[in-house]
Amino acid sequence: MKMHLSIGGILTRIGTKREDFSVAFGLSDVPEVEYFVAREDELAEMHGTLCGNGSGSRRTVVLHGLGGIGKTQLTIAYAKQHKDNYSAVFWLNIKDEDSIKRSFSKAAKQILREHPSASRLSSVDIKENFDEVIDAVKAWLIISLPNNTRWLMIYDNYDNPKLPRNTDPAAVNIRNYLPESYHGSVIITTRSSEVKIGHPIRIKKLEDMRDSVKILLNASRRKELIDGKDFLDL
């Protein structure tokens, strides 16, 4: 006999497995360069922070640095390398309020494709009631402690954060969009070094000239020269 528990209007089973919360991995709408120059040290630090020991606690990494320096591509590389560690990976564009709301709507569609019986999500108008969609997605992420804990939320482009010194009325408060739970993993990319939510990792300019040349060769669609003698002699 299976026991059921209703949390936040969502019916779930006690004793469910991790697979019951799986959502297919995909980054089809995320801009990706054809050739990524790996930042192995940063990737290792991200992995150590997000997959460290200790259950029942949320792990958050904040990648901060100049615009165009590679924060998004680094996050894509991490998600691809470690996707099997997570039951679900959701990519959210938090550039502004409209973007983050549309991203939550997309996340809701992803969940419903895999879990059409997620009752609270299925009863919400995904195209119109963005606030309800956000609440429903956040609720789905916390409905069945301790089972639905292996998700990863990526908040990309958090470049206009609501901070005491930021008087822009369009500034976004990311805390309004974080799941109200103490588990799961979160990655935030931002240009601001003042976002104090998790473990900060500063993304610096590439110091190895060889890596910079790799990027230039790729951008010029001449990446076949990367293994050539002239490149190796740099």
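The structure presented is a predicted model; accordingly, all values stated were derived computationally and were not measured.

Asks: Is there a simple way to explain the nonpolar core in this structure?
Replies: As a rule of thumb, soluble globular proteins bury nonpolar side chains together. One finds Phe90, Phe104, Leu121, Trp140, Met153 and Tyr155 to be the most contacted residues of the largest nonpolar core, which totals 34 residues. For this core, the elements supplying multiple residues, two or more each, are strand E4 (88-93), helix H3 (97-114), helix H5 (130-140), strand E5 (151-156) and strand E6 (185-190). The greatest single-element share of this core, amounting to six residues, is contributed by H3. Counting 21 residues, the second largest nonpolar core, distinct from the first, contains Met46, Leu63, Tyr86 and Trp91.

Asks: How should the packing of helix H1 (residues 40-50) against helix H2 (residues 71-82) be read in this particular structure?
Replies: Packed helix pairs are characterised by how far apart their axes lie and by the angle those axes make with each other. It is the contact of H1 with H2, at a shortest axis distance of 10 Å, that shows an interaxial angle of 60°. Classed by the angle they form, the pair H1 and H2 counts as oblique. Here H1 and H2 pass one another in a crossing that is right-handed. Residue-level inspection shows Glu42, Leu43, Met46, His47 and Leu50 of H1 in contact with H2, the latter providing Leu74, Ala77, Tyr78, Gln81 and His82. Split into classes, the residues belonging to the contact of H1 with H2 amount to six nonpolar, three polar and one charged.

Asks: Even after reading the chapter, I still don't get the confidence of the model for the protein chain, so can you show me in this structure?
Replies: For any part of a model where pLDDT is low, the fine detail of the predicted coordinates should not be relied upon. Scored by pLDDT, the protein chain has a mean of 79; 72% of the residues are at 70 or more. In the predicted structure, residues 1-18 sits below a pLDDT of 50 and forms 34 contacts with residues beyond four places in sequence or in another chain.

Asks: Would you mind going over the packing of aromatic side chains with me for this structure?
Replies: For any pair of aromatic rings, the description consists of the separation of the ring centres together with the inter-plane angle of the planes. For the structure shown, the criterion picks out three aromatic pairs. Taking 6.5 Å as the distance between ring centres and 85° as the angle between the ring planes, the aromatic pair formed by phenylalanine 90 and tryptophan 140 counts as edge-to-face. Of the two residues, phenylalanine 90 is situated in strand E4 and tryptophan 140 in helix H5; the sequence distance between them amounts to 50 residues. Both residues of the pair, phenylalanine 90 and tryptophan 140, belong to the buried class. Above the face of the phenylalanine 25 ring, lysine 83 is positioned so that its terminal group lies 6.0 Å from the ring centre.

Asks: Please explain the pattern of salt bridges as it appears in this structure.
Replies: Pairing is possible between side chains that carry opposite charge, provided their charged atoms lie close to one another. One pass over the full model with this rule turns up four salt bridges. The salt bridge involving lysine 101 is made with aspartate 131; its shortest N-O contact spans 4.0 Å. Taken together, the residues span a long stretch of sequence, with lysine 101 in helix H3 and aspartate 131 in helix H5 at a distance of 30 residues. Linking arginine 191 and aspartate 159 is a salt bridge whose minimum nitrogen-to-oxygen distance equals 3.6 Å. Taken as a pair, arginine 191 in the loop between E6 and strand E7 (199-202) and aspartate 159 in the loop between E5 and E6 lie far apart in primary sequence, 32 residues in all. By relative accessible area, aspartate 159 is classed as partly exposed at 33%.

Asks: Explain the sheet that holds E5 here, please?
Replies: In sheet architecture, strand pairing relies on hydrogen bonds along the backbone and comes in two forms, parallel and antiparallel. Taken together, the five strands give an open sheet; going across it, the order is E4-E5-E6-E3-E7, and neighbouring strands pair in parallel fashion. Single-partner strands in this sheet number two, and they are E4 and E7. Geometrically, the sheet is characterised by an average inter-axis angle of 15° between neighbouring strands, direction not taken into account. Relative to E7, strand E3 (residues 59-64) is paired through four bridges, and the arrangement is parallel. Directly across from valine 61, in E7, lies its bridge partner histidine 199. H3 contacts E4 and E5 of the sheet and is inclined by roughly 155° relative to E4.

Asks: Could you clarify how one ought to interpret the side chain of threonine 72 in this entry?
Replies: Structurally, the position occupied by threonine 72 is in helix H2. Ignoring anything within four residues of it in the chain, the contact list for threonine 72 reads Pro31, Trp91, Asp156 and Asn157.

Asks: Is there a simple way to explain the side chain of lysine 138 in this structure?
Replies: Secondary-structure assignment places lysine 138 in helix H5. Put simply, lysine 138 is tucked away with no salt bridge, and the nearest opposite charge, on glutamate 180, sits 4.0 Å away. A distance of 3.1 Å separates the side chain of lysine 138 from the backbone oxygen of asparagine 176, its partner in a polar contact. Among residues more than four places away in sequence, those in contact with lysine 138 are Phe104, Asn176, Tyr177, Leu178, Pro179 and Glu180.

Asks: When you look at a negative patch on the surface in this model, what are you seeing that I'm missing?
Replies: Among the surface-exposed residues, Asp125, Glu128, Glu132, Asp135 and Glu180 lie close enough to one another that they form a single negatively charged patch. Along the chain, the position of glutamate 180 falls in the loop between E5 and E6.

About the thresholds
- Residues numbered from 1 in each chain as written.
- Predicted model: local features only at pLDDT ≥ 70, side-chain atom pairs only at ≥ 80, totals over all residues.
- Heavy atoms only, no water.
- Core = buried A, V, L, I, M, F, W, Y, C linked by side-chain atoms within 4.5 Å.
- Buried < 20%, exposed > 50% of the residue type's maximum accessible area, 1.4 Å probe, protein only.
- Helix = DSSP H or I, 4+ residues; strand = E, 2+ residues; numbered from the N terminus.
- Axes fitted to C-alpha atoms, helices over the stretch in contact; angles between N-to-C directions.
- Parallel < 35°, antiparallel > 145°, perpendicular 65-115°, else oblique.
- Left-handed = near helix turned anticlockwise from the far one by under 90°.
- Contact = heavy atoms within 4.5 Å.
- Nonpolar A, V, L, I, M, F, W, Y, C, P; charged D, E, K, R; others polar.
- pLDDT = per-residue confidence, 0-100.
- Phe/Tyr/Trp six-rings, centres within 6.5 Å; stacked < 30°, edge-to-face > 60°.
- Lys NZ or Arg CZ within 6 Å of the ring centre and 35° of its normal.
- Salt bridge = Lys/Arg side-chain N within 4 Å of Asp/Glu carboxyl O.
- Pairing = 2+ DSSP bridges.
- Lys, Arg positive; Asp, Glu negative; His and termini not counted.
- Polar contact = N/O pair within 3.5 Å; in protein donor to acceptor, adjacent residues only side chain to side chain.
- Patch = residues over 30% accessible without salt bridge, like charges linked within 9 Å, V, L, I, M, F, W, Y side chains within 5 Å.
- Areas by Shrake-Rupley, 256 points an atom, 1.4 Å probe, with all protein chains shown as cover.
- Charge placed at Lys NZ, Arg CZ, Asp CG, Glu CD.

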